[in-house]
Amino acid sequence: MKFLRDLRSVLNLTVLVAGLGYFVDLFDITLFGVVRVASLKALGLTDEGEILAKGLLIYNSQMVGMMVGGLLWGILADRRGRLSVMFGSILMYSFANIVNAFAWDVTSYAVCRFVGGVGLAGELGAAITLVAESLPKEKRGLGTTIVATLGMLGIVAAAFVGQKMSWTTAYLTGGVMGLALLFARFKVSESELFTKKTDPSRANPFLLLQGGRFIKYISCILIGVPIYFTTGILFTFAPELTKGLNVQGAVTAGNAILYGSIGLTIGDLLAGLFSQWLRSRKRAVALNLSVGFGLMLVYGLVPGLTSTMVYVLSFLIGITVGYWAVLVTMAAEQFGTNIRATVATTVPNFVRGSAALAASGFAALKGHMPVAHAALVVGSICFSLALLSLTRIEETFTRDLDYEEGSKSA
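These figures come from a predicted structure and were not determined experimentally.

(A) Highlighting the nonpolar core. Judged by nonpolar contacts, the single largest core of 118 residues is most densely connected at Tyr 109, Tyr 228, Tyr 323 and Trp 324. If you tally residues by element for this core, the top one is helix H2 (residues 13-42), at 13 residues. Setting aside residues up to four positions removed in sequence, Trp 324 forms contacts with Tyr 22, Leu 124, Met 152, Ile 227, Tyr 228, Asp 268, Pro 348, Val 351 and Arg 352.

(B) Here's a closer look at the packing of H2 against helix H12 (residues 253-278). Relative orientation of the contacting elements H2 and H12 amounts to 145°, with a least axis distance of 7 Å. Only Ala 253, Gly 254 and Ile 257 of H12 make contact with H2, whose side of the interface consists of Thr 30, Gly 33 and Val 34.

(C) How the structure looks around the side chain of Ser 261. Examined against the element boundaries, Ser 261 turns out to sit in helix H12. What makes Ser 261 buried here is its relative accessible area of 1%. With sequence-adjacent residues up to four places away left out, Ser 261 is seen in contact with Met 152, Ile 155, Val 156 and Ala 159.

(D) Seen up close, helix H15 (residues 324-333). The buried fraction of H15 is high, at 10 of 10 residues. Within H15, the full set of buried residues consists of Trp 324, Ala 325, Val 326, Leu 327, Val 328, Thr 329, Met 330, Ala 331, Ala 332 and Glu 333.

(E) Seen up close, the state of the cysteines. Tallying each qualifying case throughout the model produces 0 disulfides. With no disulfide partner, Cys 382 has as its closest neighbouring cysteine sulfur the one in Cys 220, 17 Å distant. Owing to a relative accessible area of 8%, Cys 382 belongs among the buried residues under this scheme.

(F) Local environment of the packing of aromatic side chains. With the rule as written, the count across this model stands at 9 aromatic pairs. Between Trp 167 and Tyr 171, the aromatic rings sit 6.2 Å apart at their centres with planes inclined by 90°, giving edge-to-face as the arrangement. Taken together, the residues span about one helical turn, with Trp 167 and Tyr 171 both in helix H8 (residues 167-185) at a distance of 4 residues. Each ring, one from Tyr 259 and one from Tyr 311, has its centre 5.2 Å from the other, and the planes form 40°; the classification is tilted. Linking Tyr 259 in helix H12 with Tyr 311 in helix H14 (residues 307-320), this pair joins segments that are 52 residues apart in sequence. In textbook terms, an aromatic cluster arises when at least three aromatic residues are bridged by ring pairs, as seen for Phe 32, Tyr 109, Trp 167 and Tyr 171. Just above the ring of Phe 335 sits the side chain of Lys 216; from NZ or CZ to the centre is 4.8 Å.

(G) Fine view of empty space enclosed by the protein. Inspection of every chain in the model, using the stated rule, returns 4 cavities of 30 Å³ or more. In this structure, the largest cavity occupies an estimated 210 Å³ of space. Taken together, 18 residues make up the lining of the largest cavity; nearest its centre are Ile 29, Thr 30, Ile 155, Tyr 228 and Thr 231. Only H2, helix H3 (48-80), helix H7 (140-164), helix H10 (213-235) and H12 provide two or more residues apiece to the lining of the largest cavity. At 5 residues, H2 tops the list of elements feeding residues into the lining of the largest cavity. Split into classes, the residues belonging to the lining of the largest cavity amount to 13 nonpolar, 5 polar and no charged. As for the second largest cavity, its lining consists of Leu 234, Leu 241, Leu 245, Met 296, Tyr 299, Gly 300, Ala 372, Ala 375 and Leu 376. Breaking the lining of the second largest cavity down by element, the ones donating at least two residues are helix H13 (281-301) and helix H17 (371-390). In the lining of the second largest cavity, the residues fall into 8 nonpolar, 1 polar and no charged.

Definitions and cut-offs
Residues numbered from 1 in each chain as written. Predicted model: local features only at pLDDT ≥ 70, side-chain atom pairs only at ≥ 80, totals over all residues. Heavy atoms only, no water. Core = buried A, V, L, I, M, F, W, Y, C linked by side-chain atoms within 4.5 Å. Buried < 20%, exposed > 50% of the residue type's maximum accessible area, 1.4 Å probe, protein only. Helix = DSSP H or I, 4+ residues; strand = E, 2+ residues; numbered from the N terminus. Contact = heavy atoms within 4.5 Å. Axes fitted to C-alpha atoms, helices over the stretch in contact; angles between N-to-C directions. Disulfide = S-S within 2.5 Å. Phe/Tyr/Trp six-rings, centres within 6.5 Å; stacked < 30°, edge-to-face > 60°. Lys NZ or Arg CZ within 6 Å of the ring centre and 35° of its normal. 1 Å grid on protein atoms, 1.4 Å probe; cavity = no way out; pocket = protein on both sides within 12 Å on 5 of 7 lines; lining within 4 Å. Points joined across faces, edges and corners; volume = space filled by probe spheres on them. Nonpolar A, V, L, I, M, F, W, Y, C, P; charged D, E, K, R; others polar.

See below:
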């Protein structure tokens, strides 16, 4: 009963609107993975190798855009406010998606995904920061879990819509949903912790490079890398991976993303609730990473899998890497108010951008070994670095967020 009372107490307008914004954010991020083959064939590509290569180029363009946007929007959120970023970012990625529906070649497609990536970069960090700063410390984990769970449904929606609609209609749908969300945002208030700051000049991102903050910051990024290795390689390139594994039956990227994203949605909810029960973010994430690592090895090493087994594994792996909400909450809690939005915005987007590095490493290795082995090597590095990095950050479950970096009390 206490849990239900706590859950009802955090279901305010800020949490719900942040969650719906993240829904649209993840819908748009996921869409390319679902419509990749169909859209590139519509642009005239026919060779499977060329579709894979050009798909990697466009995917990397989107992820690099998110890394650039994460830095820009994060600094702006700490200087001008969380709400200004939520408005500006959604306008940018909504219009980018609408224009994307009219892309005429690979170059225009990549440019649209880059601009869309820059816009998408501002959504999650500003939303999580706003929610974390507006709720009591004992309940903020529940609030961010609701945001992330609603967001993960956007991946499910993209996987479903992307297979039922033409690729142009799917992009138009994402753009229109984003613009519609703007009307709900007008009733959300700015964070009181931000508005009561007396010295905006203290919002200095270079504070991250001083003392032990840089190690904590890099560690937060590395902890999240397995999430986007999983969605960016295991799910998005499932057709190519399973051909190398001689899986019985055809495996499609759309279905792998669909089942994997359902797992991610459930996993995000479970990881958030589990961390509340343990009263520890770190222990919840450690368990997820350990089980996810093992399931990835099953995916790539166990012979005789069928397409159904691959989809079941995608679902289970999705559950284990569904610690996104806990990760972003943990990152926001590690740092003071004057750089919190910079961290909460850049960390998830550098995690997303790391998918470009993982994909590039995968692309380089697959020329020297079987495709599945290349994925396993990259995945093993990602999971190992995440587990090591988890030991380098602090437990922040009950931390008071009303402080600034660089102040005497910090």
